[in-house]
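Architecture and fold: a report
The lines below spell out each chain.
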Amino acid sequence: MTDWKNTGEHFRGYGWEDLAHSPLMLYFEVTQACDLVCKHCRASAQSESHPSELNTENAISLLKQAMEFPRKPNVVFTGGDPLKRRDIWRLLETAVGLGLNTALTPSATPLATLDALRRARDVGVAALGISLDGVDAATHDAFRGWEGSFLRTMEILEGARELGFYVQVNTTITRRNSEQIDALAEMLTHYGIAMWSVFFLVPVGRGQTEERISAEEYERVFARLWQQSLSRPFAIKTTEAPHYRRFVLRQMEGEKVSAERRNIRSLVGVGDGKGIMFVSHLGEIYPAGFLPVFCGVFPSASIVETYQRHPVFVALRQPDRFRGKCGACNYRYVCGGSRSRAYAVTGDYLESEPDCVYIADPDASPILPESLRV
């Protein structure tokens with residue numbers, strides 16, 4: 001099993017040529033049950049499991065089928081709250097036993113005890129994804145819909161450090177917290193995390209009622225993230241904001257930036273349906289959790305065949321098919337814009353990223369990911 005505690009090691013070696021046949025990340029939404037009511041929730045999670053969610057046998061079959069990809073994906077058990085699923089420990093043990101790199105994203109509820117985290121570590125889970133959406137309880141708890149969530153998150157972060165997990169902290173940027181970038185980075189420095197993943201809102205699910213920042217504000221947030229990335233002990237990446245790669249590459253021009261600061265996942269142009277695959281609690285297959293374009297249902301449809309051959313997945317891996325300024329952009333191979341946000345705003349997953357200010361020089365040569373690979 002890959003050592004997730006070595007920052008970036010689970011991405012290393014994954015290249016442009018792998019995108020066509022194997023996802024880097026397979027997100028398995030094992031349940032929609034969750035006790036939080038988060039403002040941005042893609043799933044509009046409920047308090048109880050759906051009666052038709054994949055049963056244990058089918059969930060195990062899904063994990064076994066993931067082993068058939070030419071390159072094994074990293075599997076993230078997500079939800080809802082995966083700890084709400086009764087057979088979660090058996091599923092985690094199965095994934096680890098198969099040799100899949102396995103991560104868990106528990107919700108900050110009373111279920112995520114130190115004993116539960118220790119049990120996850122003992123069965124072989126090496127990575128945790130933990131959500132933190134504000135530098136204080138007022139901001140975070142309002143976003144998560146549960147008073148006490150901030151304190152619980154701090155306890156989980158402390159426990160994860162104590163147990164030696166590779167920790168990725170996930171922060172969703174909205175108008176509520178866009179001015180807290182520097183303060184959040186300072187806070188996270190004290191928890192020994194490996195990665196800070198900064199997610200930019202896609203208006204789906206409950207996120208439709210939350211106010212996303214403007215395209216101009218993206219650039220200001222990007223500038224703060226870039227400055228923080230130069231001095232913090234953890235790596236920083238964005239989710240559903242691939243145009244941060246364009247920002248970083250332009251900053252790197254003429255600068256000496258160590259390979260450790262070059263986000264390997266960014267350099268190969270990973271994005272929705274292009275290195276990413278999502279399977280819902282019902283077995284529905286999508287290019288990403290925030291891109292609800294139905295591509296089949298497991299076990300009737302093979303996740304391997306769907307990823308490699310379904311027309312939606314294939315189109316998402318062909319940036320020359322993108323419309324508008326994204327299709328003409330010289331960064332289309334390493335960026336390509338958020339396909340999820342394009343779909344949410346326009347109804348067309350091949351349309352331009354609606355929250356990007358950049359207009360490419362029509363004479364600029366495209367930047368190819370293979371020339372950037374670490």
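This text follows the structure it describes.
Since we're looking at a predicted model, the values are computed, not measured.

1. Section: the overall build of the chain
Secondary structure assignment for the chain yields 13 helices and nine strands. A buried classification covers 60% of the 374 residues belonging to the chain. At a minimum sequence separation of 6, the contacts of the chain that also span at least 24 residues come to 74%. For the chain, the accessible surface area stands at approximately 14600 Å², while carbon and sulfur atoms represent 48% of it.

2. Section: the state of the cysteines
By the definition in use, this model includes zero disulfides. C356 carries a free sulfur, and the closest cysteine sulfur to it, the one in C335, is 6.3 Å from it. Judged by relative accessible area, which is 13%, C356 ranks as buried.

3. Quick look at empty space enclosed by the protein
Empty space left among the atoms is revealed by rolling a probe the size of a water molecule over them. The tally for this structure, following the rule as stated, stands at three cavities of 30 Å³ or more. Empty space within the second largest cavity amounts to approximately 130 Å³. As for the second largest cavity, its lining consists of 15 residues, and the residues nearest its centre are C326, C329, C335, C356 and Y358. Those elements that provide at least two residues to the lining of the second largest cavity are α8 (243-252) and α12 (324-328). Its residues assigned to classes, the lining of the second largest cavity comprises eight nonpolar, three polar and four charged.

4. Things to note about the sheet that holds strand β6 (residues 195-200)
A sheet is described by the order of its strands in space; here nine strands give the open sequence β7-β6-β5-β4-β3-β2-β1-β8-β9, paired in mixed fashion. Each of the sheet's edge strands pairs with one partner strand only, and the pair in question is β7 (235-239) and β9 (285-286).

5. Here we look at the packing of aromatic side chains
Applying the stated rule across the entire model yields 15 aromatic pairs. Plain terms: the ring middles of F69 and Y307 are 6.0 Å apart, the flat faces sit at 90° to each other, and that makes the pair edge-to-face. Remark: Y307 occurs in helix α10 (residues 303-309) and F69 occurs in the loop between α1 (56-66) and β2 (74-78); sequence separation between them is 238 residues. Neither F69 nor Y307 differs from the other in exposure class; each is buried.

6. Describing the packing of helix α2 (residues 88-98) against helix α3 (residues 114-123)
The geometry of α2 relative to α3 is characterised by a closest axis approach of 9 Å and an angle of 30° between their N-to-C directions. In this view, α2 runs roughly parallel relative to α3, as classed from their interaxial angle. Across from W89, L92, E93 and V96 in α2, the residues of α3 making contact are A116, R119, A120 and V123. For the contact of α2 with α3, the per-class residue count stands at six nonpolar, no polar and two charged.

7. Focus on helix α13 (residues 339-346)
Looking at α13, one finds that the buried residues are R339, S340, R341 and A342. Turning to α13, the residues buried within the fold contact β6, α7 (215-229), α8, α11 (311-316) and α12. Just downstream of α13 lies G347, where phi reads positive at about 85°.

8. Observations regarding the pattern of salt bridges
For the coordinates displayed, the defined rule picks out 18 salt bridges. Between R232 and E186 there is a salt bridge, with the nearest N and O atoms lying 2.8 Å from each other. With a gap of 46 residues between them, R232 in the loop between α7 and β7 and E186 in helix α6 (residues 181-189) connect regions that are remote in the sequence. Given the relative accessible area of 13%, R232 is considered buried. On the basis of relative accessible area, E186 is assigned to the partly exposed category, the value being 37%. With a shortest N-O distance of 3.4 Å, R341 and D355 are connected by a salt bridge. A residue pair is termed long-range when its members are at least 10 positions apart, and R341 in helix α13 and D355 in the segment after α13 qualify at 14 residues. The residues R341 and D355 share a single accessibility class, namely buried.

9. Looking at the pairing of β7
Of all five residues in β7, four are buried; the element is thus mostly enclosed. The pairing of β6 with β7 spans five bridges and is classified as parallel. Of the residues in β7, the one forming a bridge with S197 is K237.

10. Examining the nonpolar core
By size, the foremost hydrophobic cluster in this structure holds 104 residues, and its most contacted members are F77, F165, I193, W196, F200, L225 and I303. If you tally residues by element for this core, the top one is helix α5 (residues 149-163), at six residues. Apart from the residues within four sequence positions on either side, L225 is in contact with I181, W196, V198, F200, I236, T238 and Y244.

11. Here's the deal with unusual backbone geometry
Residue G80 is bonded to the preceding G79 through a cis peptide linkage, with omega at 25°. Assignment of secondary structure puts G80 in the loop between β2 and α2. Cis geometry marks the peptide bond from F298 to P299, where omega comes out at 10°. For P299, the position within the fold is in the loop between β9 and α10.

Reading the values: the criteria
Residues numbered from 1 in each chain as written. Predicted model: local features only at pLDDT ≥ 70, side-chain atom pairs only at ≥ 80, totals over all residues. Heavy atoms only, no water. Helix = DSSP H or I, 4+ residues; strand = E, 2+ residues; numbered from the N terminus. Buried < 20%, exposed > 50% of the residue type's maximum accessible area, 1.4 Å probe, protein only. Contact = heavy atoms within 4.5 Å. Areas by Shrake-Rupley, 256 points an atom, 1.4 Å probe, with all protein chains shown as cover. Disulfide = S-S within 2.5 Å. 1 Å grid on protein atoms, 1.4 Å probe; cavity = no way out; pocket = protein on both sides within 12 Å on 5 of 7 lines; lining within 4 Å. Points joined across faces, edges and corners; volume = space filled by probe spheres on them. Nonpolar A, V, L, I, M, F, W, Y, C, P; charged D, E, K, R; others polar. Pairing = 2+ DSSP bridges. Phe/Tyr/Trp six-rings, centres within 6.5 Å; stacked < 30°, edge-to-face > 60°. Axes fitted to C-alpha atoms, helices over the stretch in contact; angles between N-to-C directions. Parallel < 35°, antiparallel > 145°, perpendicular 65-115°, else oblique. Salt bridge = Lys/Arg side-chain N within 4 Å of Asp/Glu carboxyl O. Core = buried A, V, L, I, M, F, W, Y, C linked by side-chain atoms within 4.5 Å.

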